[in-house]
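Descriptive structure summary
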Amino acid sequence: MTTYDDRASLADLTSTAERVRRSVEAVIEGKPEVVRLSLTVLLAEGHLLIEDVPGVGKTMLAKTLAKSIDCSVQRIQFTPDLLPSDITGVSIYDQQRREFEFKPGAIFAQIVIGDEINRASPKTQSALLESMEERQVTIDGQRYELPSPFMVVATQNPVEMEGTYPLPEAQRDRFMARVSVGYPSPAAELQMLDVHGRVSPLEDLQAVAHVHEIVKLIEAVREVYVAEPVRRYVVDLVAATRTHPDLRLGASPRATLHLLRAVKASAALAGRDYVLPDDVQELAAPVLAHRLLPTAQAQLARRTAEQVVAEILQQTPVPTATVRGTEAAAGVYGARPPGARGL
């Protein structure tokens, strides 16, 4: 069952996450679901892709999240002339000491903001692959560890096609979730005029959480319990994308792992130390849709990946609470059996 230490960790998590959420929502008005998903990805040790039209606050969201946490932050403006060494770093020969010295690139930060990532060449985009998956950089055969926590928040514009390079599937698969900010409501836009009309709110924004607190929260999320029926539900959803007639490329095993981590973080943000099927249904589209490739026929019929995920959610049986044994002791899917830890 849940121990005293587990309850204290969850209480710390919800309290700290609430402070960060309020800080971000003070700048990004009227988008609570977008802010919550950003926090979910951060605590799940993932990376976030923000994709939307110009001017809706993609970069502002990334910068606000980074500034709300007392950690190292680097911003990379992706352009066609950006080189891989500008991101990862380069070894420079020191003539006085007669040896090579490594100069770290912009990737050596705890939160890395990649603005308009699809404007860089595929060669430059590939410089992020190792760092996003293995949290390390290899230069001249030497491995350099990246700091912890480590999160890449990238933005891209889906409507401007000239001078852009679409992200390859391997790159998109590294991002845990994709989110679209969308246009604000009239009330939120009116409030934005009052808040942003005089000075940028980022100027007065102060960090509300220390990086050590975030590390502890990440460790607490790892201990969130996922019952076997819910784990099978996650696997069934991902497997259904690989056989759906409207998709020519389904989700990878990495997507299964990312979905599991994301739902654990979402449950923790809700104050629970166990996952419900509702958590899976809420995050299925943000985590899976950007990895899927519709067939030519589906594209002609204007079927989006999000619509296919919604259809899969309707067709896949949802686990019930009639689980035998100690998992049903509390009458919920996530009741933690005595002595159970982690998954």
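As the structure is a prediction and not an experimental result, all values here were calculated from the model. (Residues numbered from 1 in each chain as written. Predicted model: local features only at pLDDT ≥ 70, side-chain atom pairs only at ≥ 80, totals over all residues. Heavy atoms only, no water.)

Notes on the overall build of the protein
Secondary structure summary: the protein contains 14 helices and 13 strands in total. Within the protein, contacts between residues at least 6 apart in sequence are counted, and of these 78% link residues at least 24 apart. When the accessible surface of the protein is totalled, it reaches about 16600 Å², and 52% of it is carbon and sulfur. (Helix = DSSP H or I, 4+ residues; strand = E, 2+ residues; numbered from the N terminus. Contact = heavy atoms within 4.5 Å. Areas by Shrake-Rupley, 256 points an atom, 1.4 Å probe, with all protein chains shown as cover.)

Focus: the nonpolar core
If you look at the biggest cluster of nonpolar residues, it comprises 73 residues, and the most contacted ones within it are L13, L43, L48, L259, V275, V280 and L288. Ranked by residues supplied to this core, first place goes to helix 11 (residues 253–269) with 9 residues. In this view, L259 contacts V234, V238, V280, L283, A284, V287 and L288; residues no more than four positions away in its chain are not counted. Core analysis: the next-biggest nonpolar cluster, separate from the first, contains 23 residues, I76, M132, L146 and V152 among them. (Core = buried A, V, L, I, M, F, W, Y, C linked by side-chain atoms within 4.5 Å. Buried < 20%, exposed > 50% of the residue type's maximum accessible area, 1.4 Å probe, protein only.)

With respect to the side chain of K31
Secondary-structure assignment places K31 in the loop between helix 1 (4–25) and helix 2 (32–43). There is no salt bridge for the buried K31, and the closest opposite charge comes from E33, which lies 4.7 Å off by N-O distance. With residues near it in sequence (within four places) discarded, K31 still touches V181, G182, Y183 and P184. (Lys, Arg positive; Asp, Glu negative; His and termini not counted. Salt bridge = Lys/Arg side-chain N within 4 Å of Asp/Glu carboxyl O.)

Describing helix 14 (residues 305–315)
Those residues of helix 14 not exposed but buried are A305, V308, V309, I312 and L313. Looking down the long axis of helix 14, one finds its buried residues gathered within 140 degrees of arc, a one-sided arrangement. Seen from the buried face of helix 14, the exposed residues on the opposite side, beyond 90 degrees, are Q314 and Q315. (Arc of directions from axis to C-beta.)

Re the sheet that holds strand 1 (residues 48–51)
Pairing is parallel in the open sheet, where 5 strands are placed in the order 3-6-9-1-10. Each having just a single partner strand, strand 3 (73–77) and strand 10 (177–179) make up the two edges of the open sheet. Within the sheet, the average angular offset between the axes of one strand and its neighbour, ignoring direction, is 15 degrees. (Pairing = 2+ DSSP bridges. Axes fitted to C-alpha atoms, helices over the stretch in contact; angles between N-to-C directions.)

Overview of the side chain of S266
Looking at where S266 falls in the secondary structure, it is placed in helix 11. Look past the residues within four positions of S266 in its chain and what remains in contact with it is R36, T40, D279, E282 and L283.

Re the pattern of salt bridges
All told, the structure shown has 22 salt bridges when counted by the stated rule. Of the charged contacts in the structure, one is a salt bridge between E51 and R178, with a shortest N-O distance of 3.3 Å. With a gap of 127 residues between them, E51 in strand 1 and R178 in strand 10 connect regions that are remote in the sequence. For E51, a relative accessible area of 13% corresponds to the buried category.

A look at the confidence of the model for the protein
Do not read the fine detail of predicted coordinates wherever pLDDT is low. Overall, the prediction assigns the protein a mean pLDDT of 85, with 89% of residues at 70 or greater. Between residues 1–7, whose pLDDT stays under 50, and residues either more than four places distant or in other chains, the model counts 7 contacts. The low-confidence segment residues 322–331 (pLDDT under 50) makes 16 contacts with residues lying over four places distant or belonging to another chain. (pLDDT = per-residue confidence, 0-100.)

Remarks on the packing of helix 11 against helix 12 (residues 277–288)
Remark: helix 11 packs on helix 12, axes separated minimally by 9 Å, with the N-to-C direction vectors making an angle of 130 degrees. The angle between the axes of helix 11 and helix 12 places the two elements in the oblique class. Once helix 11 is placed against helix 12, the crossing between them reads as right-handed. In contact with A255, H258, L259, A262, V263, S266 and A267 of helix 11, helix 12 contributes D279, V280, E282, L283, A284, V287 and L288. Taken together, the residues that form the contact of helix 11 with helix 12 break down as 10 nonpolar, 2 polar and 2 charged. (Parallel < 35°, antiparallel > 145°, perpendicular 65-115°, else oblique. Left-handed = near helix turned anticlockwise from the far one by under 90°. Nonpolar A, V, L, I, M, F, W, Y, C, P; charged D, E, K, R; others polar.)

Quick look at the environment of S38
Mapped onto the elements, S38 comes out in helix 2. Assessed through its relative accessible area of 2%, S38 is described here as buried. Residues S38 and R21 lie 17 residues apart in sequence; the distance between their C-alpha atoms is 9.3 Å. Not counting residues up to four positions away in its chain, the partners in contact with S38 are L48, L61, L65 and M151.

Focus: the packing of aromatic side chains
Counted by the stated rule, this structure contains 3 aromatic pairs. The interplanar angle of 65 degrees and the centroid separation of 5.2 Å between the aromatic rings of Y93 and F100 together place this pair among those described as edge-to-face. Using a relative accessible area of 60% as the deciding quantity, one classes F100 as exposed. Here the aromatic rings of F102 and Y144 are separated by 4.0 Å at their centres, their planes lie at 10 degrees, and the arrangement is stacked. Of the two residues, F102 is situated in strand 5 (residues 99–104) and Y144 in strand 8 (residues 142–145); the sequence distance between them amounts to 42 residues. For F102, a relative accessible area of 16% gives the class buried. (Phe/Tyr/Trp six-rings, centres within 6.5 Å; stacked < 30°, edge-to-face > 60°.)

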